[in-house]
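In case you want the letters, here they are:
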Amino acid sequence: MTTARAPLSVAAAMDRAVTLAANGPAYGPNPRVGCVILGAEGAELGEGWHRGAGTPHAEVAAIADARARGVDVRGGTAVVTLEPCAHTGRTGPCVDALTQAGIAAVTYAVADPGNASGGGATVLEERGIPATLMEHAGASALTHRWLTAMRLGRPYVIAKWAATLDGRMAAADGTSVWITGPEAREHAHGVRAEVDAIAVGTGTVLIDDPQLSARAGGEDAAHQPLRVVIGHRDTSGRRVWRDPNVLGVASHDPRDVLAALWEREVRAVVVEGGPTVLSAFLREGLVDEVHAYIAPVLLGAGPSVVDDLGIGTMKDALRGEHVNFQPLGADTLVIAHLSRGF
Ligand SMILES: NC(=O)c1ccc[n+]([C@@H]2O[C@H](COP(=O)([O-])OP(=O)(O)OC[C@H]3O[C@@H](n4cnc5c(N)ncnc54)[C@H](OP(=O)(O)O)[C@@H]3O)[C@@H](O)[C@H]2O)c1
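This text gives an overview of the structure that appears in the document. Note that the structure is a prediction, hence the values are computed from the model and not measured.

1. So, the site of the ligand
Item 1. Contacts to the ligand come from 25 residues, most closely from Gly 174, Thr 202, Thr 204, His 252 and Thr 276.
Item 2. At a separation of 2.8 Å, a nitrogen atom of the ligand approaches a polar backbone atom of Ala 162.
Item 3. A distance of 2.6 Å separates an oxygen atom of the ligand from a polar side-chain atom of Thr 204.
Item 4. In the complex, 83% of the free accessible area of the ligand, which totals 930 Å², lies under the protein chains.
Item 5. For the shell around the ligand, the secondary structure elements donating two or more residues are β6 (156-163), α7 (202-208) and α9 (275-283).
Item 6. It is α7 that provides the largest number of residues to the shell around the ligand, a total of five residues.
Item 7. For the shell around the ligand, the class distribution of residues is ten nonpolar, twelve polar and three charged.

Pasting the structure below:
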């Protein structure tokens, strides 16, 4: 049995691998990875992607796909969006799977910064299998949050809020339901469904009594992030505690929160407020990405999104990069990146 797929260049195979990678879940401890195995003259022998922690890595899935098609991958080139791993985690090292399958060369788009998992390219080279880095913007975008988390050794932090045109997060009486319209709220639920955790302070739990679930079209999304309540006060009896998937962190130090989440293999968290908690994360330089949903609403009084960040002069202002705007009904989502160097 053979395949009759059109021949691919290595660059085209990498495009395909990126498309495959996007099939994997955005949440979870592992990154999204895709792999295409090319044979002589660009014949596509097998392809696969990683479906989440505990399932085969993309390289192993691609080898299995070739076997299922009755195709021999010996002498082939594995084109993979992330450097093959060199360690045994929930599954065995991909460098061993590739070596045992007789793969002759590897091209990868993103180097793995993981302490344990990284170094696969060197191992392959030592075994006489050339491993070539071929950067790909799509592969970098798919792994951006995971890579940042692995490099920093803490979860990627998205600070999210809904604010009025005059920068208020709530009215003077504490009400904030609803500053934004349904389109903005639906979008925010989509973001929740792609991360591992959502965090708020006890103030928000006590005033708003949120469920902190991810919903799509009014229904609970298939993936529900861990709900995290930060602070000392007793919030038991509030709706967030109805689901067992909740973590209380009795601390005011955002680093404690991130350490507790890292221990639970959280790679991305949305910090949703309120202003006290958001300010604490921003003050400590622990926000990678801001999602500000801005409504054409004025309140004139009530808590501002952030309080004193210790910034006294313009040159010290926190300035976002790679800024994106998205109209959502009457509201606008502004996404800005605050991380440096990634
Ligand atoms: N528009 C929006 O997007 C949005 C989102 C969320 C909330 N809100 C609004 O925000 C208001 C609540 O504001 P908030 O500031 O009280 O809420 P919060 O930030 O959720 O909670 C503040 C509480 O968290 C604890 N805490 C955690 N980390 C802290 C730190 N680093 N420093 C000090 N305290 C810390 C403290 O409580 P303990 O004493 O228990 O430790 C503190 O009182 C409500 O009106 C709500 O409607 C708006």
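2. Digging into the sheet that holds strand β5 (residues 131-133)
Item 1. Sheet architecture is open: five strands sit in the order β2-β1-β3-β4-β5, paired in mixed fashion. Across the chains shown, the open sheet's two edge strands, defined by having one partner strand only, are β2 (44-49) and β5. Strand after strand, the sheet turns through a mean of 15 degrees between neighbouring axes, direction not considered.
Item 2. Two elements, strand β4 (residues 105-110) and β5, share three bridges in a ladder whose sense is parallel. Across the sheet, Thr 107 pairs through a bridge with Thr 132, a residue of β5.
Item 3. Here helix α1 (residues 10-21) sits on the sheet in contact with β1 (34-38), β2, β3 (77-82) and β4, set at roughly 145 degrees to β1.

Criteria and thresholds
Residues numbered from 1 in each chain as written. Predicted model: local features only at pLDDT ≥ 70, side-chain atom pairs only at ≥ 80, totals over all residues. Heavy atoms only, no water. Near = heavy atom within 4 Å. Polar contact = N/O pair within 3.5 Å; in protein donor to acceptor, adjacent residues only side chain to side chain. Areas by Shrake-Rupley, 256 points an atom, 1.4 Å probe, with all protein chains shown as cover. Helix = DSSP H or I, 4+ residues; strand = E, 2+ residues; numbered from the N terminus. Nonpolar A, V, L, I, M, F, W, Y, C, P; charged D, E, K, R; others polar. Pairing = 2+ DSSP bridges. Axes fitted to C-alpha atoms, helices over the stretch in contact; angles between N-to-C directions. Contact = heavy atoms within 4.5 Å.

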